[in-house]
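Examination of the molecular architecture
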Amino acid sequence: SESDEQINHRARSAQTNGLIPIVCVGESDEQRSRGEAERVIRRQVEQGLEGLDPSQLVVAYEPIWAIGTGKTATPEDAQEMCATVRNAVRGSWGTEAADSVRIQYGGSVKPVNAPDLMRQPDIDGALVGGASLDPDEFARIIAYRLVG
């Protein structure tokens, strides 16, 4: 329930105080079904990240429809939306910024889907929620290169 402006203010404050903010972007199920996902993500990136240093920033694509539902984007859908984030950064701040920003996927990341998600070229990492509460499950996510 925060505006892009409020998120931007918090992220700027974090960077000003030496922290690396993790800014989450994502669309609702309704926005996705109406074909608005890319537009929503671009707006969130352009307005929410304005004035920030992309090299000192993590952007997590976390679709609202996946939070607490057990649903996850397919690796291809996650890649498409993370590429949208990277392209929005490129359009606003340039290629160097797009190359330096870290983009993660968050949305029901589990040991079974982590390897396929992490193989995507625009996904630099995972924002793990509930699975991080189970040490064995979290360890399997962290070791995705060994098991995937």
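Our subject is the structure that appears above.
Here is a short report on the structure shown in this document. (Residues numbered from 1 in each chain as written. Predicted model: local features only at pLDDT ≥ 70, side-chain atom pairs only at ≥ 80, totals over all residues. Heavy atoms only, no water.)

Further remarks concern unusual backbone geometry. A positive phi angle, near 60°, is found at Ser108, a position not held by glycine. Looking at the secondary structure, you find Ser108 in the loop between strand S3 (102-105) and helix H6 (114-118). (Helix = DSSP H or I, 4+ residues; strand = E, 2+ residues; numbered from the N terminus.)

Quick look at helix H4 (residues 75-93) now. Helix length check: H4 (19 residues) gives 26 Å between terminal C-alpha atoms against 27 Å at 1.5 Å per residue, within 8%. Turning to H4, its buried residues are Pro75, Ala78, Gln79, Met81, Cys82, Ala83, Thr84, Val85, Arg86, Ala88 and Val89. Following H4 by one or two positions, Gly94 adopts a phi angle in the positive range, close to 100°. (Expected span 1.5 Å × (residues − 1). Buried < 20%, exposed > 50% of the residue type's maximum accessible area, 1.4 Å probe, protein only.)

Right, let's get into the packing of helix H1 (residues 4-16) against helix H3 (residues 37-48). Between two packed helices, the angle of one axis relative to the other and the distance separating the axes together describe the packing. Closest axis-to-axis distance for the H1/H3 pair is 8 Å, and the angle between their directions is 45°. When the axis of H1 is compared with that of H3, the two are oblique. Relative to H3, H1 is oriented so that their crossing is right-handed. In this structure, H1 uses Asp4, Ile7 and Asn8 to contact H3, whose residues at the interface are Arg43, Gln44, Gln47 and Gly48. For the contact of H1 with H3, the class distribution of residues is one nonpolar, four polar and two charged. (Axes fitted to C-alpha atoms, helices over the stretch in contact; angles between N-to-C directions. Parallel < 35°, antiparallel > 145°, perpendicular 65-115°, else oblique. Left-handed = near helix turned anticlockwise from the far one by under 90°. Contact = heavy atoms within 4.5 Å. Nonpolar A, V, L, I, M, F, W, Y, C, P; charged D, E, K, R; others polar.)

Another point: the sheet that holds strand S1 (residues 22-25). Overall, parallel pairing links the four strands, which are arranged S1-S2-S3-S4 in an open sheet. Whereas interior strands pair on both sides, the edge strands pair on one side only; in this sheet they are S1 and strand S4 (125-126). As paired elements, S3 and S4 share two bridges and run parallel to each other. Within the sheet, the bridge partner assigned to Gln104 lies in S4 and is Gly125. (Pairing = 2+ DSSP bridges.)

A word on H3. The terminal C-alpha atoms of H3, which comprises twelve residues, lie 16 Å apart, in line with the 16 Å expected from a rise of 1.5 Å per residue. Looking only at H3, the buried set comprises Ala37, Val40, Ile41, Gln44, Val45 and Gly48. What you see down the axis of H3 is that its buried residues fit within an arc of 130°, all on one side. Those residues of H3 that are buried are in contact with H1, S1, helix H2 (29-33), strand S2 (58-61) and H4. (Arc of directions from axis to C-beta.)

Okay, the pairing of S2 next. Sheet faces and side chains relate simply in a regular strand, where the side chains alternate between the two faces. Along S2, one buried face is formed by Val58 and Ala60 and the opposite face, lined by Val59 and Tyr61, is buried too. Of the pairings in the sheet, the one linking S1 to S2 comprises four bridges and is parallel in character. What sits directly across from Ile22, in S2, is Val58. Here S2 runs beside S3; their pairing, made up of four bridges, is parallel. The residue bridging Val59 from the neighbouring strand is Ile103, located in S3.

Function-wise, these values are silent; they only describe arrangement.
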